[in-house]
Amino acid sequence: MARVRKQLPAHLGAGQLRCRGYKGSVDYEILGEPSSLRPGPARLRGSLMAAPEVAEQAFRDGDGELTLETGETFRITMLGHSAGSGVAYFEMRV
């Protein structure tokens, strides 16, 4: 029998991204509840949507900080980006 994986709720919003090459507004989607993260190895995955050059710059920088609409700030590590796309994928932690 196939094991059913629990679907995490998606949290959408607009926030502020800060990395070496960019500081400004981006839209984001996070899979899971950001407020449930605690210090340690636990991580959530998500994506940010911006102009293609912003998404590429964030990916090239490798890491940064994302401030959510709620005012919470999380460290993010970039995981992927397709050339010409306005979407970059990340993992976030406290």
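Everything below is about the structure printed above this text.
Caption draft 1: Representation of the sheet that holds strand β2 (residues 22–31) in the model. One closed barrel accounts for 6 strands, arranged β1-β2-β3-β6-β5-β4; its pairing is antiparallel. Put simply, the sheet's adjacent strands are angled 45° from each other on average, direction ignored. Bridge analysis of strand β3 (residues 44–49) against strand β6 (residues 87–93) gives 6 bridges, and the strand direction is antiparallel. Residue pairing across strands places Gly-46 opposite Phe-90, the latter belonging to β6.

Caption draft 2: Focus on the environment of His-11. Checked against the element boundaries, His-11 lands in strand β1 (residues 10–19). We classify His-11 as partly exposed; its relative accessible area is 24%. Each C-alpha atom, one on His-11 and one on Ser-35, is 11 Å from the other, the two residues being 24 residues apart in sequence. Within the structure, His-11 has its side chain in polar contact with the side chain of Glu-33 (distance 3.0 Å).

Caption draft 3: Structural context of helix α1 (residues 52–61). Among the residues of α1, those classed as buried are Val-54, Ala-55, Ala-58 and Asp-61. Take α1 and look down its axis: the buried residues cluster within an arc of 130°, on one side only. Seen from the buried face of α1, the exposed residues on the opposite side, beyond 90 degrees, are Glu-53 and Arg-60. The inward-facing, buried residues of α1 contact β1, β2, β4 (63–67), β5 (73–81) and β6. Downstream of α1 by one or two residues, Gly-62 has phi in the positive range, about 90°.

Cut-offs and rules
Residues numbered from 1 in each chain as written. Predicted model: local features only at pLDDT ≥ 70, side-chain atom pairs only at ≥ 80, totals over all residues. Heavy atoms only, no water. Pairing = 2+ DSSP bridges. Helix = DSSP H or I, 4+ residues; strand = E, 2+ residues; numbered from the N terminus. Axes fitted to C-alpha atoms, helices over the stretch in contact; angles between N-to-C directions. Buried < 20%, exposed > 50% of the residue type's maximum accessible area, 1.4 Å probe, protein only. Polar contact = N/O pair within 3.5 Å; in protein donor to acceptor, adjacent residues only side chain to side chain. Arc of directions from axis to C-beta. Contact = heavy atoms within 4.5 Å.

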